[in-house]
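# Commentary on secondary and tertiary structure
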Amino acid sequence: MQYRTLGRTGVQVSTLALGAMNFGALARTTQQDADAIVDAALEAGINVIDTADMYSAGESEEMVGKAIAGRRDDIVLATKASMPMGSDRNHQGASRRWLVTELDNSLRRLGVDHVDLYQIHRWDPTTGDEETLSALTDLQRAGKIRYFGSSTFPAHRVVQGQWAAREHGLSRYVTEQPSYSVLQRGIESHVLPVTEEYGLGVLVWSPLASGWLSGAVRAGQAATGHRAAMMPERFDLAVPANRARLDAVEQLAAVADEAGLTMIQLALGFVTAHPAVTAALIGPRTLDHLRAQLAAADTVLTADVLDAIDAIVPPGTDLAPDEKHDTPPSLLDPRLRRR
C-alpha cells in the first residue's frame, strides 16, 4: 500500500480508501459482510474509511461504527452530510441548524466522539458560505471534527469557499471529493487545477465508473452487475454515450492486457497517477470485490500506458456528460435560469 499526505494537513492516508456506500440495505450488505470487508481492508494497509449519513438512511454509519469498534484511533474516519434525511424540508442542506444536529446523529450512529473529516456532500445553493463555514469551524473548535471538506463541488464553488474562509477568518475546506475515472475526466480541466492551487487533498469516488471499468462490462455480454440492475439506463447501449463508453472500454481492455494488468488495476492506477489525487475511494459490495481492488494497491502505470489511455479518452473529456454531479443547478432546473 502507498501513502500520501492529505492536502496540507500532515495526515498520512492510503492511496486506496474504503468507501462504505454499499454497507446496508442499498446493496444488501450485512454486518458480517461489512466486518469482513473492514478487517481485510485494514489488514491490507487501508487507513481511511468514508461513509455518509444518507447511505442506507444511516445504516452504513451504524455498520461502520460496529466494524471499527476498538480500533478507532487507527482509522482516518470520514463522513458526509447535506443530502436529504427524511421528508422534513430542514433535514438537509448546509445550514448551521442542520449540520450541528446531523453531526450529533452521525457520531451516535458511528459510536464515536469525533470524526476526522466531515464533508458537505453536495453544494447547497440556498445557504451562504459564511453560514456553513462558521458552523463547521465551531464544530472543529468543539473537537467534534478534526477537518472538514467538500464533495462534488463545482470548481468555482471550491474557489468561493476558500475566499469566504479567508474573508471571514474561518477555517477552510481542506479536501474535495469529486467523481473521477478514465471515462469521466472533466475535472482535469477545472476542479483539479483549483485543488492543486489551494493545496486540497482529493479523494476521488467512482474510479471504476459505476462498474464500466471493473472488467464485467464488455462487448457481446449483458451488464449484470448490481449497478446495472439499479440504473439500467446507464448501461443501455441504445444511448450514444453508453456506446461510446463501451467502445472505450474495449480499447482500454486491450491496453490492460498488453500491460499485464486487470481492468481494475488499470482504472485505479490511472486515477492515483494524477499528482492532484490523494486517494481513490473503492466501494466493494463483497469481500471478493475488495480483493480484486486491493490488487491495484501498488499499481504504477508506465508512461506508455498513460499515453495509450490519453489516446483513447483525451484529457479533460467526459464520455457521459449527462451523468456529471457538479453541474451548476441552473443548468439542470429551468426555474433557476428564468425570471
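These numbers come from a predicted model, not from an experiment.

### Comments concerning the overall build of the protein chain
Looking only at helices and strands, the protein chain has twelve helices and ten strands in total. Judged by the C-alpha coordinates and their principal axes, the protein chain covers about 55 × 55 × 40 Å. Taken across its 339 residues, the protein chain has 53% of its residues classed as buried. A fraction of 78% describes how many contacts in the protein chain between residues 6 or more apart in sequence connect residues 24 or more apart. One way to put it: in the protein chain the 32 positive side-chain charges average out to a point 6 Å from where the 42 negative ones average out.

### What about the packing of aromatic side chains?
Each aromatic ring pair is specified by the distance between its two centres and by the angle formed by the two planes. The full count for this structure, using the stated rule, is four aromatic pairs. Where Phe148 meets Tyr173, the ring centres are 5.6 Å apart and the plane angle is 85 degrees; that geometry is what we call edge-to-face. Taken together, the residues Phe148 in strand β7 (residues 145–151) and Tyr173 in the loop between α5 (155–168) and β8 (175–177) connect sequence positions 25 residues apart. By relative accessible area, Phe148 is classed as buried at 0%. Here the aromatic rings of Tyr180 and Phe270 are separated by 5.7 Å at their centres, their planes lie at 45 degrees, and the arrangement is tilted.

### Quick word on the sheet that holds strand β3 (residues 16–19)
Strands sit in the order β3-β4-β5-β6-β7-β8-β9-β10 around a closed barrel of eight strands; the barrel is parallel. Pairwise comparison of adjacent strand axes, ignoring direction, gives a mean angle of 30 degrees for this sheet.

### Some points on helix α2 (residues 59–67)
Of the positions making up α2, those classed as buried are Ser60, Glu61, Met63, Val64, Gly65 and Ala67. Looking at the buried positions of α2, the neighbouring elements they touch are α1 (31–43), β4 (48–50), β5 (76–81) and α3 (96–110).

### Section: empty space enclosed by the protein
Unoccupied space between atoms shows up once a probe the size of one water molecule is rolled over them. Throughout the structure, instances matching the rule amount to two cavities of 30 Å³ or more. Empty space within the largest cavity amounts to approximately 70 Å³. Surrounding the largest cavity, Ala94, Ile120, Trp123, Asp124, Thr127, Gly128, Asp129, Thr132, Phe153, Arg157 and Tyr173 form its lining. Looking at side-chain class alone, the lining of the largest cavity contains five nonpolar, three polar and three charged residues. Of the volumes computed, that of the second largest cavity is approximately 50 Å³. Surrounding the second largest cavity, Gln2, Arg4, Thr15, Leu16, Leu268, Thr272, Ala296, Ala297 and Thr299 form its lining. Its residues assigned to classes, the lining of the second largest cavity comprises four nonpolar, four polar and one charged.

About the cut-offs
- Residues numbered from 1 in each chain as written.
- Predicted model: local features only at pLDDT ≥ 70, side-chain atom pairs only at ≥ 80, totals over all residues.
- Heavy atoms only, no water.
- Helix = DSSP H or I, 4+ residues; strand = E, 2+ residues; numbered from the N terminus.
- Buried < 20%, exposed > 50% of the residue type's maximum accessible area, 1.4 Å probe, protein only.
- Contact = heavy atoms within 4.5 Å.
- Lys, Arg positive; Asp, Glu negative; His and termini not counted.
- Charge placed at Lys NZ, Arg CZ, Asp CG, Glu CD.
- Phe/Tyr/Trp six-rings, centres within 6.5 Å; stacked < 30°, edge-to-face > 60°.
- Pairing = 2+ DSSP bridges.
- Axes fitted to C-alpha atoms, helices over the stretch in contact; angles between N-to-C directions.
- 1 Å grid on protein atoms, 1.4 Å probe; cavity = no way out; pocket = protein on both sides within 12 Å on 5 of 7 lines; lining within 4 Å.
- Points joined across faces, edges and corners; volume = space filled by probe spheres on them.
- Nonpolar A, V, L, I, M, F, W, Y, C, P; charged D, E, K, R; others polar.

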